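What the coordinates show
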Amino acid sequence: MGASEPMNYIGSKLSLAPFLLKSISGVLEARGVVLSDCIFVDAFAGTCAVGRLFKNRVKQVISNDQEFYSFVLAKNYIENTTPLQRGTKLLRELEKLPPLRGKIYTHYALGGGQNRQYFSDANAMKIDAVRAQLAHWNAQKSISENEFYFLLASLLESSDKVANTACVYGAFLKSLKKSAQKDLCVSPAHFDLSPNPHYAYHKDAQELIAHVPAHILYLDPPYNAREYGANYHLLNSIALYDDFTPQGKTGLRDYQKSAWCKKNSVAETLDMLLASAQAQFIFLSYNNEGLLSPKQIAQIFNKHGKYSLRSHQHTRFKTNVYSPSLTTTIEYLHVLEKS
Ligand SMILES: C[S@@+](CC[C@H](N)C(=O)[O-])C[C@H]1O[C@@H](n2cnc3c(N)ncnc32)[C@H](O)[C@@H]1O
């Protein structure tokens, strides 16, 4: 199956895929290690862009993220490996559902009366109708687990495309932007087939790496204080569809904080993770605007084995309160061969 349109996600590595592939396979080749024999752990998976890149290049991908919406994407994009014969038919059935005034409509559309407008009324009711139907099918066991995650990942990504936000879910826009006025259509989250099994986890990275085997450990943690749980809370609410209490003007739900987002704990967290990792090759993506400087990272890496560094410069638009500007960011790939 082909690739579907990617999510606009903070720190997504989609545009860096060629750089990552070239650097990682280059390091392995130089050591005579065959990539296709390796277990690759993507410990901070986000959109699963990196896991998807390696899915059919390695023996096995193990994908992980502490956010539930990312776990849902991984259950589909990484763990799903065989064709779903009923995929299109099930999506068609979802398109025919009558609108439902459910949790998303109540808390996050103007019609719900809470003065929040993350979605148009019609799209929020459609999200509710589809999500409630998926819960029903799942409870009745009338769809398989593979189908459930394929459909839920399709709903998450399609909902994100009609969200009325500037980019993340920290706030909504006052009036409905053009893309948010479009009717939500649940389009398929196509995944790559694979002859090998691949797995998805929903854990803290530190906890994960103590339990899974790996030859290659790829780390792409948050770089700064922006918590993913807060910035993508609505995706968790759609994915979990649990009983939650939205707080304040923005309707933020309770979220999990990350040690990687705190200036005073991030160095120690990285050190601990490298100490307990079993993988022979460890790669860390981090840019030059992060909480840790390249020098600090080099010091920590040098404690645990042979260290080297690759870098890639890229230019992007950055919006600030005054004006958009063109900035150059250096993306680093820190490499460790564990001793
Ligand atoms: C920079 S993003 C990863 C982007 C990803 N490589 C991609 O291409 O989409 C960082 C990810 O780390 C996750 N995260 C933050 N703290 C974590 C932790 N302690 N354990 C596991 N995942 C964590 C966040 O939810 C977020 O998805």
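Everything numeric in this text was worked out from a predicted model, so none of it was measured.

Quick word on the overall build of the protein
When helices and strands are counted, the protein shows 13 helices and seven strands. Computed over its C-alpha atoms, the radius of gyration of the protein comes to 20 Å, within 12% of the 20 Å expected for a compact globule of 339 residues. Principal axes of the C-alpha set define a box for the protein whose edges measure 60 × 50 × 30 Å. For the protein, buried positions account for 53% of its 339 residues. If you take every contact in the protein between residues at least 6 apart in sequence, the share linking residues at least 24 apart comes to 75%. Across the protein, 37 positive and 29 negative side-chain charges occur, with their mean positions spaced 4 Å apart.

Thoughts on the nonpolar core
One recurring pattern in soluble globular proteins is that nonpolar side chains are buried together. If you look at the biggest cluster of nonpolar residues, it comprises 77 residues, and the most contacted ones within it are Phe-54, Ile-104, Phe-119, Leu-151, Tyr-232 and Phe-283. Of all hydrophobic cores here, the second largest spans 29 residues; its members include Ile-39, Val-41, Tyr-286 and Ile-297.

Some remarks on the site of the ligand
In the neighbourhood of the ligand, 23 residues make up the surrounding shell, with Tyr-9, Thr-47, Asp-65, Asp-220 and Ser-258 lying closest. At 2.6 Å, a side-chain N or O of Thr-47 approaches an oxygen atom of the ligand. In isolation the ligand exposes 610 Å². Once the protein is present, 99% of that is buried. Of the residues in the shell around the ligand, the class split is ten nonpolar, seven polar and six charged.

Digging into the environment of Leu-94
Here Leu-94 shows up in helix H4 (residues 87-95). Take Leu-94: its relative accessible area is 2%, and that puts it in the buried class. Considered as a pair, Leu-94 and Gln-133 are 39 residues apart in the sequence and their alpha carbons are 7.7 Å apart. Setting aside residues up to four positions removed in sequence, Leu-94 forms contacts with Val-130, Gln-133, Leu-134, Trp-137 and Leu-151.

Considerations on the pairing of strand E4 (residues 216-219)
Residues Ile-216 and Tyr-218 of E4 are buried on one face, and the alternating residues Leu-217 and Leu-219, pointing to the opposite face, are buried as well. Examined bridge by bridge, strand E1 (residues 39-42) and E4 share three bridges and lie parallel to one another. Within E4, the residue paired with Asp-42 across the bridge is Tyr-218. Where E4 lies against strand E5 (residues 281-287), four bridges are found, and the strand directions are parallel. The residue of E5 that forms the bridge with Leu-219 is Leu-284.

Let's talk about the pattern of salt bridges
Enumeration according to the criterion identifies eleven salt bridges in this entry. Linking Lys-13 and Asp-220 is a salt bridge whose minimum nitrogen-to-oxygen distance equals 3.1 Å. You can see Lys-13 sitting in the segment before helix H1 (17-30) and its partner Asp-220 sitting in the loop between E4 and helix H10 (228-231), a full 207 residues away along the chain. The class of Lys-13 is buried, set by a relative accessible area of 4%. Across the pair Lys-75 and Glu-145 runs a salt bridge whose closest N-O atoms are separated by 2.8 Å.

Examining the state of the cysteines
By the definition in use, this model includes zero disulfides. Note on Cys-38: no disulfide assigned, nearest cysteine sulfur contributed by Cys-48 at a separation of 20 Å. On the basis of relative accessibility, which here comes to 2%, the residue Cys-38 falls in the buried class. The cysteine Cys-48 is free of any disulfide, with Cys-167 supplying the nearest cysteine sulfur at 18 Å.

Focus on helix H7 (residues 145-161)
Since one α-helical turn is 3.6 residues long, residues separated by three or four positions face the same way. Here H7 contains 17 residues, and its C-alpha end-to-end distance of 25 Å stays within 8% of the 24 Å for a straight helix at 1.5 Å per residue. Among the 17 residues in H7, 14 count as buried, and that is most of the element.

Description of helix H6 (residues 121-140)
For H6, built from 20 residues, the straight-helix expectation of 28 Å at 1.5 Å per residue is met to within 8% by its first-to-last C-alpha distance of 29 Å. What H6 keeps buried is the set Asn-123, Ala-124, Met-125, Lys-126, Ile-127, Asp-128, Ala-129, Val-130, Arg-131, Gln-133, Leu-134 and Trp-137. Buried-residue contacts for H6 involve H4, helix H5 (103-108), H7, helix H8 (178-181) and helix H11 (233-240). A positive backbone phi angle near 60 degrees is found at Lys-141, which sits one or two residues after H6.

Some remarks on the environment of Phe-301
Here Phe-301 lies in helix H13 (residues 294-302). Spatially, the C-alpha atom of Phe-301 lies 7.6 Å from that of Leu-274, the residues being 27 residues apart in sequence. Among residues more than four places away in sequence, those in contact with Phe-301 are Leu-270, Leu-274, Ile-282, Leu-284, Tyr-307, His-334, Val-335 and Leu-336.

Focus: the packing of H4 against H6
H6 packs onto H4 with a crossing angle of 130 degrees between their chain directions and a minimal axis gap of 10 Å. For the element pair H4 / H6, the angle class is oblique. In the packing of H4 onto H6, the handedness of the crossing is right-handed. Residue-level contacts link Leu-90, Glu-93, Leu-94 and Glu-95 of H4 to Lys-126, Val-130, Gln-133, Leu-134 and Trp-137 of H6. Residues that form the contact of H4 with H6 fall into these classes: five nonpolar, one polar and three charged.

What counts as what
- Position numbers for residues count from 1 along each chain, tracking the sequence in the order it is written.
- Reporting of local features is limited, given that this is a predicted model, to residues whose pLDDT is at least 70; pairs of side-chain atoms are given and counted only at 80 or more, and all residues count toward the totals for whole chains, interfaces and linings.
- Heavy atoms from the whole structure form the basis of all side-chain values; hydrogens and water molecules are not counted.
- We count a stretch as a helix when DSSP gives it H or I for four or more residues in a row; a strand needs E for two or more, and each element gets its number in order from the N terminus.
- In this setup the radius of gyration rests on C-alpha atoms only. A globule is expected at 2.2 Å times the number of residues raised to 0.38.
- When accessible area is computed with a 1.4 Å probe and restricted to protein chains, residues below 20% of their type maximum are described as buried, those above 50% as exposed, and intermediate ones as partly exposed.
- The contact rule is simple, with two residues in contact once any of their heavy atoms fall within 4.5 Å.
- Note that His is not counted, nor are the chain ends; the positive residues are Lys and Arg, and the negative ones are Asp and Glu.
- Positions of charges follow a simple convention, taking NZ of Lys, CZ of Arg, CG of Asp or CD of Glu.
- Here, the term nonpolar core denotes a set of buried Ala, Val, Leu, Ile, Met, Phe, Trp, Tyr and Cys residues that are joined through side-chain atoms within 4.5 Å.
- Working definition: residue near molecule or strand if any one of its non-hydrogen atoms lies within 4 Å of it.
- Two N or O atoms form a polar contact when they lie within 3.5 Å of each other; inside protein one atom must be a possible hydrogen donor and the other a possible acceptor, and for residues adjacent in sequence the pair counts only when both atoms belong to side chains.
- Areas reported here follow the Shrake-Rupley algorithm with a probe of radius 1.4 Å; residue values treat only the protein chains shown as occluding.
- Amino acid classes used here: Ala, Val, Leu, Ile, Met, Phe, Trp, Tyr, Cys and Pro are nonpolar; Asp, Glu, Lys and Arg are charged; the rest, including Gly, are polar.
- Strand pairing is assigned whenever DSSP detects at least two bridges linking the two strands.
- When a carboxyl oxygen of Asp or Glu lies within 4 Å of a side-chain nitrogen of Lys or Arg, that pair is called a salt bridge.
- Here, two cysteine sulfur atoms that lie within 2.5 Å of each other are counted as a disulfide.
- What a helix should span is 1.5 Å times the count of its residues minus one.
- A fitted line through C-alpha atoms represents every axis, and for helices the fit uses only the stretch in contact; the resulting angles, taken between N-to-C directions, go from 0 to 180 degrees.
- Throughout, the term roughly parallel applies to angles under 35 degrees, roughly antiparallel to angles over 145, roughly perpendicular to angles from 65 to 115, and oblique to all others.
- In this scheme the crossing of two helices becomes right-handed for a clockwise turn of the near helix relative to the far one and left-handed for an anticlockwise turn of less than a right angle.

In short, geometric facts, not functional conclusions.
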